[in-house]
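Next come the chains, spelled out residue by residue.
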Amino acid sequence: MSEVITPTTPAPRPLSNKERMGLPHQEMPLHDAEARVKTFDEVPIGYSEEMARAEAMRCLQCKKPACIGACPVGINIPAFIKLIEQGEFGAAAKKIRETNFLPAVCGRVCPQDKQCQAVCVVGRKNIPVGIGNLERFAADYERNHHLQEIPQVGEPTGKRVAVIGSGPAGLAAAYELSIRGHEVVVFEASHRAGGVMVYGIPRFRLPLKIVDEDIRFLTRLGVRFVYNMVIGKVLTIEDLLKHEGFDAVMIGTGAGLPRMLDVPGSNANGVYSANEYLTRIYLMDAHHFPKYSTPISAGKKIGVIGAGNTAMDVMRTAKRLGAEVTCYYRRSHDEAPARSEELKHAEQEGINWRWLSNPVEFLVDENNFVQKIKCERMTLSEPDETGRRKPVPTGEFFVEDCDTVVMSLGCSVNPIIPSTDSDIHVNKWGVIVVDTETCQTSKKGVFAAGDAITGGSTVILAMGQAKKAAAGIHAYLMGQQEAVSATSTTQISG
Amino acid sequence: MTDRVHDIVKDMDPRSVESVTQALDKAKLLEDLTLDEKTCLAEAFFEVFNHAHHTHSSSMPKVAVRAGKRIAKFGPELIPLLFRHLVESDSETAVYYGKALARNGNVGLAYLVPKLNEYREKDHDLINLIQALSYFKIPEASATVPFVLSVSQHVNHQVTSMALYTAGRLAEKLPTSAFSEELRHFIFNTSFRFLSHAQVLVRKNAARTLGKMMRRGLLSEEDEKKVYKAFLAITGRDDHHNWDRAFIVRREAEGFLPYFHQQSPPVRRYTQSYKIVSKRLLCTNTYHFTLDTPLIARKIEAGQFVIVRPHIFSERIPLSICNWDREKGTIDIIVSAVGKTTTEINAMMVGDSFEDVVGPLGERSVLPTASGTCVVIGGGYGTGAIIPTARDVKAMGNKVIGIVGARNKDSLIMVQELQDACTEVILTTNDGSAGIGGMVTDALREVLLREPVVYVLAIGPVPMMKAISDMTRPHHIATYVSLNAIMVDGTGMCGACRVTVGGETKFACFHGPDFDGHKVDFENLMKRQKMFVKEEKVAFERMKL
Ligand SMILES: Cc1cc2nc3c(=O)[nH]c(=O)nc-3n(C[C@H](O)[C@H](O)[C@H](O)COP(=O)(O)OP(=O)(O)OC[C@H]3O[C@@H](n4cnc5c(N)ncnc54)[C@H](O)[C@@H]3O)c2cc1C
Ligand SMILES: Cc1cc2nc3c(=O)[nH]c(=O)nc-3n(C[C@H](O)[C@H](O)[C@H](O)COP(=O)(O)OP(=O)(O)OC[C@H]3O[C@@H](n4cnc5c(N)ncnc54)[C@H](O)[C@@H]3O)c2cc1C
Ligand code: SF4
Ligand code: FES
């Protein structure tokens, strides 16, 4: 761990940029890799107040901060960091909440290394400011000290909005809409709210209590949740608008349809999609089998295919269930799409890596259980006409033992809603088509955001779009012709 | 220090806009400054650079730029001093040193260019030098771009990003005549290659440079097309639908898209109790339940199913519907105890509530397309599950023959209900204790001999559905089977229910559950159903303890 600089208060004079640039980065303290793979407890310990202030001092408070522009919801990053530096932790959290209502989630799961921290000017010569860690710190401080305030909700408008899905997109839309005075009902297909945040992202990255706290907060705001409602089946969107008295609908159903490799043995026993593997564990508690009756074949040697966030999550989960885990990815380490922190943590936890390896067959025993995985070695091509480097086969193969395979190849959009409400148009990949300004779909009064309109992406992008959609819905409901822009017009006041 | 300089320097507060402005105004009036005097003034103004970002006044950065201009006016003698500070400064302050240096025009450039080579291995210093280059407004600056772009590749990605940034900025600010055909092509090629770099910041700045070049008309028609294609790929708008994983790269590319076409940018009602309102024994281990689920009852159609979770520790299991009452808001299910969850359900009593019931799920049954004789066949809980479809098929004006099979007379279930839904019902028992002695396939064979059949639906154990499909295949009779794959969510999210139909992978929960029996790979289904035998046994054994 790096040295902790305790700010001397009151500071005699402001630190110069040069002095700030010279301050050591406060490394996030982690639980020891060996101990942590035995539990599902959260891996990072979190900054202490001293560390948070020391890290906050590294921010140069740029006049034209690049970081804000690189944040999908435009959090005023230098402003909240300054508040942390000054020891105003609660105020810092409040500042973040002006634009992001899930700070504790985002501080933990956002790909900061591809967003704000990638452009931070401190990063040019040094490690960038730990924006994500600071966001997480502020949000945790707020939660632990019960500083969260219920904001002033707008005058009731008498309008009712149905939000479909309770992932980040649905929750953010519900928040934005209820704060503007609309009545919001969230319809969720599963028996739990939170979407991927509860049934995908592991507890050791995002403890359940954090998501539950945010959902409780929404309930306090007056948002109502209905579970076990698969919209499109039990009620169509047409029903919601025509018979159920809703004035608008917001679709936040995510990208739930797992993509599977189409190779011999893909449907063998012991071959799971990442969604199935993670859902069995995090939604159905299969790791507490047989107390909870949902089974998961334990797996001594697990092969995971893919190297995105989801793959890292599967591998680290499997590790915690005591398996030996190997990752097979057809490109190289540098192209791995996972958050760099996740990749690093997975590396620490002792995953075996087979880069540039493309599975071509799963070999099975007489009862159709997987036994071996056969891969072709790949190499990367020169960039093609779209500037991408493609993995190309080398004709060389290898075979390794495994008793479980988990495919983590991303998801397409679930077609249930578009198939029952055919006036909601989708493009050829099944993604719901929306107006880029208002997020309205091809059906009047129906809006969409999140993975449902992008295919798999990120929590923060889903939230950013949901805010845009909420603004679009608000404008629609209030009968305005011109939809307002993405920027939130809500004020959080005490 | 001379008095005239001392006067200016001593009163100046580098954090105050007024004070610095005053000092600058005074310094402007001085003539014939010596090198010492210039140095002294410059050093004082450097303090302004250091504070430019740390005052509350938003005009401070502007004043710092003005101070830089004044220093530049002192002439080339101060270039080495400026350079030294530039190298040492942090990234934000480097802006002012860079701008001051750039104000020295050709002389400044001539000083800087050899230094680039000198510092080529020192990445921390090189980055500020490259940044400084971006502020030059003389056409000659463009000539440094190829060197900068190539040297930066060997250091680290932050330097590469800065080099791309500089190339883009120069492309934007310098007259287009500063870029020869050859140079344009070089910058294009290099930047284009960087679009596939592993580091997001490099990709972002590569996209930025290419975008700026496009906007300035620096790209050939052919190159512009390539960039357009690449930007479509980055933003996920092309056929591959494989966008750049980094938001900042996508956003950068997205911002430029409109400019490719010279266009303006393109434009208590829901509570269900899940309560058991009635329960009756059908045969050993098999019960019939009626559940209060008004929303599901209102919507359900023949062939659809529900997923239930009896209590919070349970598995979610799929169950077919054998009847419903839209007015009363109830659905009827049949549960045969085969393992832990089904045994637990059968232990529940009237008045107990399920934790969750989700539905209706799946597609409704496929109905016959030709009219004529139709056969519905059930085994086990399937005897109930075929009733709603039988009713629909009969309502279409068809003759419906129901065939049910069981081990013996006592295991025959739902006979009365089936008779109500069908034109004729044939019973089969393995031991011959009722109806025809034998299997449902024996009864079907007789029907096929007797009359032409246009449609068969079979729901029951997999071997039964397989035998029926095999029997109707040579007759080309449309045959549907309901696949009871293992499921979790029932909405297409997990893929547990994968089945192979006609060589393709389908999800039984939402492409089905009914499929064309002639295309189903029953072998795979049977094997997949045994995926958790070991675990199921453990669960069941534990339960009995
Ligand atoms: C394992 C995993 C790890 C990830 N890690 C990260 C990470 O580290 N950082 C990051 O930023 N992103 C991560 N992501 C991506 C991120 O979780 C998603 O981009 C985000 O959750 C999308 O939000 P959403 O609201 O659009 O959809 P979801 O979170 O998928 O929520 C959709 C909700 O809608 C419900 N629903 C679906 N259909 C219906 C229907 N017909 N009727 C009613 N309800 C319905 C679903 O049950 C679900 O609750 C990860 C994803 C996975 C799977
Ligand atoms: C679309 C559909 C409709 C169904 N309708 C009904 C119904 O109306 N009534 C009813 O009683 N059952 C029905 N089933 C089957 C029912 O879901 C399973 O019997 C149940 O999941 C077994 O759970 P368990 O915990 O009691 O047994 P487990 O302990 O999980 O399994 C015990 C035994 O049952 C077998 N089994 C497990 N899952 C299934 C399955 N999905 N299908 C067949 N056998 C299985 C196992 O191989 C094992 O031998 C249906 C299944 C599907 C997919
Ligand atoms: S870019 Fe970095 S240094 Fe500048 S304001 Fe943002 S976090 Fe602070
Ligand atoms: S049950 Fe999960 S996809 Fe069918």
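Remember, predicted model here, so these are calculated numbers, not experimental data.

Attention now moves to the overall build of chain B. Along chain B, the regular secondary structure elements total 24 helices and 16 strands. Relative to the globule expectation of 24 Å for 545 residues, the C-alpha radius of gyration of chain B, 40 Å, shows a markedly less compact shape. Dimensions of chain B, computed from the C-alpha atoms along their principal axes, are close to 125 × 50 × 45 Å. Counting all 545 residues of chain B, 57% fall into the buried class. Looking at charge distribution, chain B has the averaged site of its 67 positive side-chain charges lying 2 Å from that of its 63 negative ones.

Across its full length, chain A carries 19 helices and 15 strands. For the C-alpha atoms alone, the extent of chain A along its principal axes is close to 65 × 65 × 55 Å. Counting every position in chain A, which comprises 494 residues, the buried fraction comes to 62%. In chain A, the share of contacts with a sequence separation of at least 24, taken over all contacts with a separation of at least 6, comes to 68%. A total accessible area of about 17,900 Å² is found for chain A, and carbon and sulfur atoms account for 51% of it. Treating the 55 positive side-chain charges of chain A as one cloud and the 57 negative ones as another, the clouds have centres 3 Å apart.

Bringing the nonpolar core into the picture now. Phe-45, Phe-179, Phe-231 and Ile-248 of chain B are the most contacted members of the largest nonpolar core, which totals 100 residues. Residues in contact with Phe-179 of chain B, not counting those within four places in the same chain, are Ser-142, Leu-170, Ala-171, Leu-174, Arg-184, Ile-187 and Leu-218 of chain B. Cys-62, Ile-81, Val-122 and Ile-210 of chain A belong to the second largest nonpolar core, which has 80 residues in total.

Quick look at the sheet that holds strand β6 (residues 271–273) of chain A now. Residues and elements named next belong to chain A. One open sheet holds the five strands; their spatial order is β6-β13-β7-β8-β9, and the pairing between them is parallel. Sheet topology places β6 and β9 (352–354) at the edges, where each strand pairs with a single neighbour. Ignoring strand direction, the axes of neighbouring strands in this sheet form an average angle of 20°. When strand β8 (residues 324–328) meets β9, the two strands line up parallel, connected through three bridges. Within the sheet, the bridge partner assigned to Thr-326 lies in β9 and is Asn-352.

What follows is about the site of ligand 1. Residues and elements named next belong to chain A. Surrounding ligand 1, one finds 34 residues, the nearest of these being Val-109, Ala-169, Glu-188, Arg-205 and Asp-451. In this structure, Ile-231 approaches ligand 1 through a main-chain N or O atom, which is 2.9 Å from a nitrogen atom. Of all elements in the fold, only α10 (168–179), α11 (196–199), α15 (309–320) and α19 (459–477) reach the threshold of two or more residues within the shell around ligand 1. Broken down by element, the shell around ligand 1 gets its largest block of residues, three residues, from α15. Residue composition of the shell around ligand 1, grouped by class: 17 nonpolar, 13 polar and four charged.

Where like charges cluster on the molecular surface, the positive patch consists of Lys-64 of chain A together with Lys-28, Lys-69, Lys-73, Lys-99, Arg-103, Lys-137 and Lys-173 of chain B. For Arg-103 of chain B, the location among the structural elements is in the loop between α6 (94–102) and α7 (105–118).

All names here are of chain B. Around ligand 2, a shell composed of 21 residues is seen, among which Pro-318, Ile-334, Ser-336, Thr-341 and Thr-342 lie nearest. At a separation of 2.6 Å, a nitrogen atom of ligand 2 approaches a polar backbone atom of Ile-334. Between ligand 2 and Ala-485, the relevant distance is 3.4 Å, taken from a nitrogen atom to a main-chain nitrogen or oxygen of the residue. Secondary structure elements with two or more residues in the shell around ligand 2: β4 (317–320), β6 (330–336) and α16 (340–346). Looking at which element gives the most residues to the shell around ligand 2, the answer is β4, with four residues.

Before going further, it helps to spend a moment on the environment of Thr-39 of chain B. Residues and elements named next belong to chain B. Following the sequence through the fold, Thr-39 ends up in helix α3 (residues 35–51). Spatially, the C-alpha atom of Thr-39 lies 9.2 Å from that of Phe-74, the residues being 35 residues apart in sequence. Not counting chain neighbours up to four residues away, the residues in contact with Thr-39 comprise Leu-78 and Leu-81.

This paragraph deals with the packing of helix α5 (residues 79–88) of chain B against α7 of chain B. Residues and elements named next belong to chain B. The geometry of α5 relative to α7 is characterised by a closest axis approach of 11 Å and an angle of 50° between their N-to-C directions. Overall, the two elements α5 and α7 adopt an arrangement that is oblique. When you trace α5 past α7, the crossing you get is right-handed. Contacts from Ile-79, Pro-80 and Phe-83 in α5 reach Val-107, Gly-108, Tyr-111, Leu-112 and Lys-115 in α7. Here the residues of the contact of α5 with α7 are counted per class, giving six nonpolar, one polar and one charged.

On to the sheet that holds strand β5 (residues 323–325) of chain B. Residue and element names in this part refer to chain B. If you walk across this open sheet you meet the four strands as β1-β2-β6-β5, and the pairing is antiparallel. Two strands bound the open sheet, and with one partner strand each, they are β1 (276–283) and β5. Each adjacent strand pair in this sheet contributes to an overall mean axis angle of 20°, direction not counted. Looking at chain direction, β1 and strand β2 (residues 286–292) are connected through six bridges and run antiparallel. Within the sheet, the bridge partner assigned to Ile-276 lies in β2 and is Leu-291.

All right, on to unusual backbone geometry then. Residue and element names in this part refer to chain B. The peptide bond linking Gly-359 to Pro-360 adopts the cis configuration, its omega dihedral lying at -5°. Inspection of the secondary structure assignment puts Pro-360 in strand β7 (residues 356–361). In this chain, Gly-512 is followed by Pro-513 through a cis amide linkage whose omega measures 10°. Looking at where Pro-513 falls in the secondary structure, it is placed in the loop between α22 (508–511) and β16 (514–516). The backbone of His-476 shows a phi angle near 50°, a positive value even though the residue is not glycine. Structurally, His-476 can be placed in the loop between α21 (462–472) and β13 (478–482).

According to the domain assignment, chain B consists of domain 1 (1–132), domain 2 (276–361) and domain 3 (373–529). Here the C-alpha centroids of domain 1 of chain B and domain 3 of chain B sit 87 Å apart.

Turning our attention to the packing of α15 of chain A against helix α16 (residues 340–348) of chain A. Residues and elements named next belong to chain A. Running from amino to carboxyl end, α15 crosses α16 at an angle of 25°, the nearest separation of the two axes being 10 Å. The pairing of α15 with α16 is recorded here as roughly parallel in orientation. The two elements α15 and α16 meet at a crossing, and its hand is left-handed. Where α15 approaches α16, its residues Asn-309, Met-312 and Arg-316 are matched on the opposing element by Glu-342, Leu-343, His-345 and Ala-346.

Contact residues are listed per partner, giving 98 residues for chain B and 97 residues for chain A. Taken together, both faces of the contact between chain B and chain A bury some 8,000 Å²; the carbon and sulfur share is 55%. Here chain B and chain A share three salt bridges between them. A salt bridge links Asp-239 of chain A to Lys-299 of chain B; its shortest N-O distance comes to 2.3 Å. There are 23 residue pairs in polar contact (both at pLDDT 80 or more) connecting chain B and chain A.

Further remarks concern the pairing of strand β12 (residues 453–459) of chain B. Residues and elements named next belong to chain B. Taking burial as the measure, the seven residues of β12 include six buried ones, the bulk of the element. Both strand β8 (residues 373–379) and β12 contribute to a ladder of six bridges, which runs parallel. By the bridge assignment, Val-375 is partnered in β12 with Val-456. With four bridges connecting them, β12 and β13 associate as parallel partners. Bridge pairing in β13 links Tyr-455 to Ala-478.

Attention shifts here to helix α8 (residues 123–133) of chain B. All names here are of chain B. Burial of α8 is extensive: nine of the eleven residues sit out of reach of the surface. By the burial criterion, the buried members of α8 are Asp-125, Leu-126, Ile-127, Asn-128, Leu-129, Ile-130, Gln-131, Ala-132 and Leu-133. Contact partners of the buried residues in α8: α5, α6, α7, α9 (145–152) and α10 (157–173).

This part is about the confidence of the model for chain A. Keep in mind that low pLDDT regions are not for reading the predicted coordinates in detail. All names here are of chain A. Looking at chain A as a whole, its pLDDT mean stands at 85, while 94% of the residues score no less than 70. Mean pLDDT in chain A bottoms out at helix α1 (residues 17–22), which sits at 78, and peaks at strand β4 (residues 248–251), which reaches 94. Scored below 50 in pLDDT, residues 480–494 makes 24 contacts in the model with residues more than four places away or belonging to other chains.

Rules used in this analysis
- Residues numbered from 1 in each chain as written.
- Chains lettered and ligands numbered in written order.
- Predicted model: local features only at pLDDT ≥ 70, side-chain atom pairs only at ≥ 80, totals over all residues.
- Heavy atoms only, no water.
- Helix = DSSP H or I, 4+ residues; strand = E, 2+ residues; numbered from the N terminus.
- Rg over C-alpha atoms; globule rule 2.2 N^0.38 Å.
- Buried < 20%, exposed > 50% of the residue type's maximum accessible area, 1.4 Å probe, protein only.
- Lys, Arg positive; Asp, Glu negative; His and termini not counted.
- Charge placed at Lys NZ, Arg CZ, Asp CG, Glu CD.
- Contact = heavy atoms within 4.5 Å.
- Areas by Shrake-Rupley, 256 points an atom, 1.4 Å probe, with all protein chains shown as cover.
- Core = buried A, V, L, I, M, F, W, Y, C linked by side-chain atoms within 4.5 Å.
- Pairing = 2+ DSSP bridges.
- Axes fitted to C-alpha atoms, helices over the stretch in contact; angles between N-to-C directions.
- Near = heavy atom within 4 Å.
- Polar contact = N/O pair within 3.5 Å; in protein donor to acceptor, adjacent residues only side chain to side chain.
- Nonpolar A, V, L, I, M, F, W, Y, C, P; charged D, E, K, R; others polar.
- Patch = residues over 30% accessible without salt bridge, like charges linked within 9 Å, V, L, I, M, F, W, Y side chains within 5 Å.
- Salt bridge = Lys/Arg side-chain N within 4 Å of Asp/Glu carboxyl O.
- Parallel < 35°, antiparallel > 145°, perpendicular 65-115°, else oblique.
- Left-handed = near helix turned anticlockwise from the far one by under 90°.
- Domains from an automatic or database assignment.
- Buried area = accessible area lost by both parts, 1.4 Å probe.
- pLDDT = per-residue confidence, 0-100.

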